[in-house]
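Take a look at the letters that make up each chain.
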Amino acid sequence: MASSVVSGRQLEKWEKEREDANRTEIPMPKAARDSFNSMQPNFNALAKFEKKLDRFTQRMEDKDSGVKTEAIVNVMSSTAGAGSGDFHTYRGFRKKENARIADFEAARKEDEARRAWEAEQAEREADVLAKRSKKAAKRARQKEKERERQQAEKRARGEASAAAGGAAAGGGGAGGGGG
């Protein structure tokens, strides 16, 4: 059978839950509230960080720009007096080193090919732009020439009609006055 009597702790807990549900703002210590509201951006620190980032990226670019191959210093050789397993170890080191150098060489060749292709593309683009501008200039000249030709025809028609109109007006007046 359920008891209708509730402990004091349970009542306090329920009351606190009701208050929390009705509360519109989150409780926060005054010191924390003041420090949060007074927070100002530090532009000097930001500029310093950006300079540091620029130096870091420059260093990384410098490091990436040069393909450097360092030989492994501790390479064993197949010399007399070496133990029976040393030759196989030497052979493994040599194989790894040769593969590493081959990878560097392949990356260098690929980079050269990419740069050559980009240069060729830039050259083609420059040629296309040159041809395009030359043809545009030619079209502009032809258009201007056509405009001048049309204006000349218009002026010629205007002069011809003015001359014909003036002769017709003058001829009719002379004929009318003589008769």
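Structural data are supplied above this passage.
Predicted model, so just to flag it, every value in this text is computed and none were measured.

S.K.: Residues and numbers for the overall build of the chain, please.
M.R.: Of the regular secondary structure elements, the chain holds 4 helices and 0 strands. Listed N to C, the secondary structure of the chain is α-α-α-α in terms of helices and strands. Here the chain displays about 16400 Å² of accessible surface, and carbon together with sulfur accounts for 56% of that area.

S.K.: Please provide a residue-by-residue account of the pattern of salt bridges, values included.
M.R.: Across all of its chains, the model carries 11 salt bridges by this definition. Arginine 149 is the partner of glutamate 146 in a salt bridge, and the nearest nitrogen-oxygen pair spans 2.2 Å. Note that glutamate 146 and arginine 149 are positioned in helix H4 (residues 86-178) at a spacing of 3 residues, about one turn of the helix. Of the residues examined, arginine 149 reaches a relative accessible area of 40% and is grouped as partly exposed. Connected via shared salt-bridge partners are Asp111, Arg114, Arg115 and Glu118.

S.K.: An account of a nonpolar patch on the surface is needed here, citing residue identities and associated values.
M.R.: Nonpolar side chains collect at one region of the surface, where Phe43, Leu46, Phe49, Leu53, Phe56 and Met60 lie side by side and expose about 610 Å² of accessible area between them. As for its position among the elements, phenylalanine 43 is in helix H3 (residues 43-65).

S.K.: Mind laying out a positive patch on the surface, listing which residues take part and the relevant values?
M.R.: Together, Lys131, Lys134, Lys135, Lys138, Arg139, Arg141 and Lys143 line one region of the surface with positive charge. On the secondary structure map, lysine 143 appears in helix H4.

Parameters at a glance
Residues numbered from 1 in each chain as written. Predicted model: local features only at pLDDT ≥ 70, side-chain atom pairs only at ≥ 80, totals over all residues. Heavy atoms only, no water. Helix = DSSP H or I, 4+ residues; strand = E, 2+ residues; numbered from the N terminus. Areas by Shrake-Rupley, 256 points an atom, 1.4 Å probe, with all protein chains shown as cover. Salt bridge = Lys/Arg side-chain N within 4 Å of Asp/Glu carboxyl O. Buried < 20%, exposed > 50% of the residue type's maximum accessible area, 1.4 Å probe, protein only. Patch = residues over 30% accessible without salt bridge, like charges linked within 9 Å, V, L, I, M, F, W, Y side chains within 5 Å. Lys, Arg positive; Asp, Glu negative; His and termini not counted. Charge placed at Lys NZ, Arg CZ, Asp CG, Glu CD.

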